[in-house]
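# Remarks on the overall topology
Chain by chain, the residues run as shown.
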Amino acid sequence: MDYVFAFQNFQKIKNKTINILIKLQILTLFFSFTFSQLINDVTQKYPSGNPKKIEYSKRIQNQHEVIKIEYYYEDGQLKIEENYKYNQLHGTYIEYHSNGTIKIRTSYSKGLRNGPYVEYFDNKMKKAKGGYLEGSKHGYWYYYHNNLNETNSIHIKYNKNQITGINGKNYK
């Protein structure tokens, strides 16, 4: 009989503990959203008053973390989009020509270029494509002429920024 009573008390205490833990998790979420605010700030302007640089950040308690920066041409056209994580370049990076077409599309990881890289002429034709590995050119890179298609390209093979081949000829 004492075992049954002890087991019932244990179940009650366990249920109360679970309820308290759930409430604590809900409060933690509430306060993290309440004290974390998204901020966008025009940090630089042109003499015309148009924004030159806008920083998007979040503030968690007393800490300020940049999550995105946008740069603009003087006419208001977007020039560069940079994404950040822990105040380092991280994620997609896009640079635009003054006519609005994409100039460069690449990505960063922990402040270093990492992954595919594509560059375009202002007429939307590819100028270069390749890849980065931890900040260094790596693998095959293709360089194109402005008016020619992708079959008329120079290709260079890199191993951590060192050229190891050009147009299929290997170098040591």
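Everything that follows concerns the structure shown earlier in this document.
I will try to describe carefully the structure that is included in this document.

Parameters at a glance
Residues numbered from 1 in each chain as written. Predicted model: local features only at pLDDT ≥ 70, side-chain atom pairs only at ≥ 80, totals over all residues. Heavy atoms only, no water. Helix = DSSP H or I, 4+ residues; strand = E, 2+ residues; numbered from the N terminus. Buried < 20%, exposed > 50% of the residue type's maximum accessible area, 1.4 Å probe, protein only. Contact = heavy atoms within 4.5 Å. Areas by Shrake-Rupley, 256 points an atom, 1.4 Å probe, with all protein chains shown as cover. Salt bridge = Lys/Arg side-chain N within 4 Å of Asp/Glu carboxyl O. Pairing = 2+ DSSP bridges. Phe/Tyr/Trp six-rings, centres within 6.5 Å; stacked < 30°, edge-to-face > 60°. Lys NZ or Arg CZ within 6 Å of the ring centre and 35° of its normal. Patch = residues over 30% accessible without salt bridge, like charges linked within 9 Å, V, L, I, M, F, W, Y side chains within 5 Å. Polar contact = N/O pair within 3.5 Å; in protein donor to acceptor, adjacent residues only side chain to side chain.

## Some thoughts on the overall build of the protein
- Helix and strand content of the protein: one helix and 14 strands.
- Going through the 172 residues of the protein one by one, you find that 25% of them count as buried.
- A sequence separation of at least 24 residues applies to 9% of the contacts in the protein between residues at least 6 apart.
- Working note: accessible area of the protein is about 12,400 Å², and carbon and sulfur atoms make up 54% of it.

## Looking at the pattern of salt bridges
- Across all of its chains, the model carries five salt bridges by this definition.
- Put simply, Lys-68 and Glu-70 hold a salt bridge, and the shortest N to O gap is 3.7 Å.
- Exposure remark for Lys-68: the relative accessible area of 22% places this residue in the partly exposed category.
- Of the residues examined, Glu-70 reaches a relative accessible area of 9% and is grouped as buried.
- Close ionic contact of Glu-119 with Lys-127 constitutes a salt bridge, the shortest N to O distance being 3.9 Å.

## Let's talk about the pairing of strand 11 (residues 139–144)
- Two strands pair when backbone bridges link them, and strand 9 (residues 126–133) and strand 11 are joined in this way by two bridges, in the antiparallel orientation. Considered in strand 11, the bridge of Ala-128 is made with Tyr-143.
- Pairing of strand 11 with strand 12 (residues 153–159) involves six bridges; the strand directions are antiparallel. Across the sheet, the residue bridging to Trp-141 is Ile-156, located in strand 12.

## Remarks on the packing of aromatic side chains
- Under the criterion given, the structure shown has six aromatic pairs.
- Measuring from ring centre to ring centre gives 6.2 Å for Trp-141 and Tyr-143, while their planes differ by 25°; the resulting arrangement is stacked.
- Classification of Trp-141 by relative accessible area gives buried; the value is 1%.
- Aromatic ring contacts, followed pair by pair, group Tyr-117, Tyr-132, Trp-141, Tyr-143 and Tyr-158 into a single cluster.
- One cation-aromatic arrangement involves Lys-129 over Tyr-142; the distance from NZ or CZ to the ring centre is 5.7 Å.
- Lying across the ring of Trp-141, Lys-137 places its NZ or CZ 4.7 Å from the centre.

## Describing a nonpolar patch on the surface
- A surface patch of nonpolar side chains, amounting to about 210 Å² of accessible area, comprises Ile-154, Ile-163 and Ile-166.
- With respect to the helices and strands, the residue Ile-166 is situated in strand 13 (residues 162–166).
- Its relative accessible area of 30% is what places Ile-166 among the partly exposed residues.

## Considering the side chain of Ser-107
- Tracing the chain through its elements places Ser-107 in strand 6 (residues 102–109).
- A distance of 2.6 Å separates a polar side-chain atom of Ser-107 from the backbone oxygen of Asn-114.

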